[in-house]
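# Residue-level structural notes
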Amino acid sequence: MRETLGLAVFESLGYIDPKYIEQAADAFQRERKAPGRTIKLLLIAAALLSLLTAAACAAAWFGLGARLISLGGQGEAGAGEGESYVSLAGLRGSPEFLAAGQWLEFKNGYEQDMAEVQLAEGESPYGWRDLERSFAREEEYDLAVSRIYGAWDEVMLKELKIIAGEYGLKLHTRAGRPYDGELEGTVYENGAYKYSFMLPLHDSYNSAALYYEPWGTLPALSLPIYAPGEYEQWDYETAPGARVDIALRRQSIDVPENYEPSPGELSWDCLIFCRGDRADLTLICSWSGESKPQDTAEDIADALDFKALLEGGSISAIAGAIKES
């Protein structure tokens, strides 16, 4: 029982940078020798927690750092350089995180390779795609997942199934596009969705999109991110009482050296994450002309009831925020 508890505590920190584990293990071995493996695991976990600072917590362990999928051609998607995406379901090391990284790496690389072959033969770069999905052979399941995940031939469909099976995940089989007032998006059979909307705040409208992803299914959507290293990050408790992680970045603009842009010339990208007991929420928002962007980011977090969204899986909290703001 204690062995299981020790392993559970230790493995729950599995997405921590290995250098922190090494530091904790060294500190543990210098100061004392534990009589058993269970106590050693618990003490290493305690030492890891003692190394935690507020900045590390927000930036690397629970915020964007724990959700950043970098495709660097390194086999297991994780910390390489290259295209970057936000994990919409699951933190680093989770089945959802690993499967999403593996699928995105395969999909992007395969589509690029096929396009290059087509171009070399003087054909359209997209000519290889089977738009009718005839390879699904009229199998309803294969046809549905191929359309939802963008599998354009039998090779892609086969790899998609292999990846989902390897990590014990389901695949989406149905998707719809409801429209309700200011809300427009895509909803899946398990309640997952992406809704885009305009959020009124500070006498202006901010473009926003909200992703809701229950665990246990490979997300069909992807969220690319530019220059992840430029984001300032912190955690925050919203007015309705939800704990969220905020990542904020000033968009790059071409200006002369030593030129300081005015607030009206600035634009901001913002990500807000909220983790529930069985699902993840990701809000992406952007706006322009704001001199106190950190305050605006927190006001946006306050405008939505993340707890209600996670507990009920309902989009009604967004509609309520739009009407009440």
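Residues numbered from 1 in each chain as written. Predicted model: local features only at pLDDT ≥ 70, side-chain atom pairs only at ≥ 80, totals over all residues. Heavy atoms only, no water.

## What to know about the overall build of the chain
- Helices and strands together make up the secondary structure of the chain, namely 11 helices and 12 strands.
- Here the chain, with 325 residues, has 46% of them falling under the buried criterion.
- Within the chain, contacts between residues separated by at least 24 positions form 55% of all contacts whose residues are at least 6 apart in sequence.
- Surface exposure of the chain reaches about 17,200 Å², of which carbon and sulfur atoms provide 50%. (Helix = DSSP H or I, 4+ residues; strand = E, 2+ residues; numbered from the N terminus. Buried < 20%, exposed > 50% of the residue type's maximum accessible area, 1.4 Å probe, protein only. Contact = heavy atoms within 4.5 Å. Areas by Shrake-Rupley, 256 points an atom, 1.4 Å probe, with all protein chains shown as cover.)

## Regarding the pattern of salt bridges
- The full count for this structure, using the stated rule, is 9 salt bridges.
- Notably, a salt bridge pairs Arg137 with Glu154, separated by 3.3 Å at the nearest N-O pair. In this pair, Arg137 is assigned in the loop between α6 (95–120) and α7 (140–149) and Glu154 in helix α8 (residues 154–166), connecting sequence segments 17 residues apart.
- Its relative accessible area of 57% is what places Arg137 among the exposed residues.
- For Glu154, a relative accessible area of 42% gives the class partly exposed. (Salt bridge = Lys/Arg side-chain N within 4 Å of Asp/Glu carboxyl O.)

## Let's talk about the sheet that holds strand β1 (residues 68–71)
- Strand order in the open sheet formed by 3 strands is β1-β2-β8, with antiparallel pairing between adjacent strands. Looking along the sheet, the strands with just one partner apiece sit at the ends: β1 and β8 (223–224).
- In this sheet, β8 lies alongside strand β2 (residues 83–86) in antiparallel orientation, the contact comprising 2 bridges. Looking across to β8, one finds that Val86 is bridged to Leu223. (Pairing = 2+ DSSP bridges.)

## Focus on the pairing of strand β11 (residues 267–275)
- With 8 of 9 residues buried, β11 is to be regarded as a mostly interior element.
- Bridge analysis of strand β10 (residues 243–250) against β11 gives 6 bridges, and the strand direction is antiparallel. Looking at the pairing, Arg249 lines up with Asp269 of β11.
- Summarising the sheet, β11 and strand β12 (residues 279–288) pair through 9 bridges and their orientation is antiparallel. Bridging across to β12, Phe273 finds its partner in Thr282.

## A look at the side chain of Glu213
- Relative to the helices and strands, Glu213 resides in strand β7 (residues 204–214).
- No salt bridge forms around the buried Glu213; measuring N to O, its nearest opposite-charge neighbour Lys194 is 11 Å away. (Lys, Arg positive; Asp, Glu negative; His and termini not counted.)

## A short note on the environment of Ala175
- As for its position among the elements, Ala175 is in strand β3 (residues 175–176).
- Taking the C-alpha atoms as reference, Ala175 lies 9.3 Å from Ala192; in sequence the two are 17 residues apart.
- Dropping the residues within four chain positions of it, Ala175 is found in contact with Ile148, Thr186, Val187 and Tyr188.

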